[in-house]
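Structural features, examined
The lines below spell out each chain.
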Amino acid sequence: MIVGGEAELLLLLHIFPDGVEELDGAFAVYADEPPIGFDVVQVDDVPDGWEDEWRSFHHGVKIGNFWVGPPWESIVIDPGRAFGTGAHPTTRLTLELLQRLEPASLLDIGCGSGVLSIAAAKLGFEPVHGIDLDDAAIESTLENARVNGVEIHAHRADALTDELPRTDVALANVQLDVVERLLPRLQCGRVITSGYLDRDRPDVEGWTAVDRAEADGWAADLLTLRP
Ligand SMILES: C[S@@+](CC[C@H](N)C(=O)[O-])C[C@H]1O[C@@H](n2cnc3c(N)ncnc32)[C@H](O)[C@@H]1O
């Protein structure tokens, strides 16, 4: 159901695709000329950089069974035969911790459908490498990256035996035993780990947990390498 201001906002966005903002109970629209047929109360020149400004205002809306929103706020995932719709608590917790970090180069270990790699790329992490044991996961990650308009360097690899790309940050949403076995092999200073219950914590010499997120009995940790 579309109600009240939401319906008006959608109508205005239809007429003024360059942008619409809600300001003090009225709507401001971005247009080359003052709009005809509307009760215009004020006309202002817009400052440079308004395109980015209005992006911060433009959020998605739920319309019936659909969520309609701007590309920088959305990730479309077809998991195919790979793990990772984005709904699992471990995926959400990893993404929550990732958003607390400054963008840098990143390795997504066990990328599955590519959901975390794509989110990282949309957050400005670059380059983003994804690895997974499963060929179907690599296929799915590359296809989902294409659909979402981001670049992911994905290839099949076993994080426990193959050489790993050197990056600033790594993600590892895999089981606890795999996390603990791969930590000594990582060539990075920070890693977000998940894939285990909130009663568990990775315990590996040299790595210290500096942040944690928990939900629905699951956990994710941000670990840093002690100098
Ligand atoms: C729980 S899924 C996580 C998928 C996705 N990153 C997410 O957060 O939704 C774990 C993935 O790790 C992969 N995996 C497990 N052990 C691995 C290993 N040793 N090396 C590389 N990938 C591994 C699995 O194939 C699976 O796709």
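Coordinates for the structure precede this section.
Figured I'd write up the structure that's included with this text. Being a predicted model, the structure only gives us computed values, none of them experimental.

Let us look at helix 5 (residues 135–148). The end-to-end C-alpha separation of helix 5 is 20 Å, in line with the 20 Å expected for 14 residues at 1.5 Å each. Taken residue by residue, helix 5 has A136, A137, I138, S140, T141, N144, A145 and N148 as its buried positions. Tucked inside the fold, the buried residues of helix 5 contact helix 4 (115–123), strand 6 (128–132) and strand 7 (153–156). Two or three places before A136, at the opening of helix 5, D134 has a side-chain oxygen 3.1 Å from that residue's backbone nitrogen.

So, about the environment of A121. One can find A121 in helix 4. Sequence separation between A121 and R156 is 35 residues; the distance between their C-alpha atoms is 19 Å.

Before going further, it helps to spend a moment on the sheet that holds strand 11 (residues 218–225). Spatially, 7-6-5-8-9-11-10 is the arrangement adopted by the seven strands of the open sheet, whose pairing is mixed. This sheet does not close on itself; its edge strands, each paired only once, are strand 7 and strand 10 (207–215). Each strand of the sheet is rotated relative to its neighbour by a mean of 15°, with strand direction disregarded. Against the sheet, helix 3 (residues 89–98) touches strand 5 (106–109), strand 8 (169–173), strand 9 (190–197), strand 10 and strand 11, its axis set at about 40° to strand 11. Sheet contacts for helix 4: strand 5, strand 6 and strand 8; angle to strand 6, the most-contacted strand, approximately 175°.

Definitions and cut-offs
- Residue positions are given per chain, counted from 1 along the sequence in the order it is written.
- Where totals are concerned, whole chains, interfaces and linings use all residues; where local detail is concerned, this predicted model gives features only for residues with pLDDT of at least 70, and gives and counts side-chain atom pairs only at 80 or more.
- To obtain the side-chain values, all non-hydrogen atoms of the structure were included, while hydrogens and water were left out.
- For helices the rule is a DSSP run of H or I covering at least 4 residues; for strands it is a run of E covering at least 2, with both sets numbered from the N terminus onward.
- Expected helix span is computed as 1.5 Å times (number of residues minus one).
- Residue burial is assigned from relative accessible area. The probe radius is 1.4 Å, only protein chains are included, and a residue is buried under 20% of its type maximum, exposed over 50%, and partly exposed in between.
- Contacts are residue-level and defined by heavy atoms, with any inter-residue pair within 4.5 Å sufficient.
- Polar contacts, as counted here, are pairs of nitrogen or oxygen atoms within 3.5 Å of one another; within protein the pair requires one atom able to donate a hydrogen and one able to accept it, and residues that are adjacent in sequence qualify only if both atoms are side-chain atoms.
- Should DSSP find at least two bridges between two strands, the strands are taken to pair.
- Convention adopted: a line fitted to C-alpha atoms gives each axis, helices being fitted over their contacting stretch, and angles between N-to-C directions are expressed from 0 to 180 degrees.

Geometry only, nothing functional implied.
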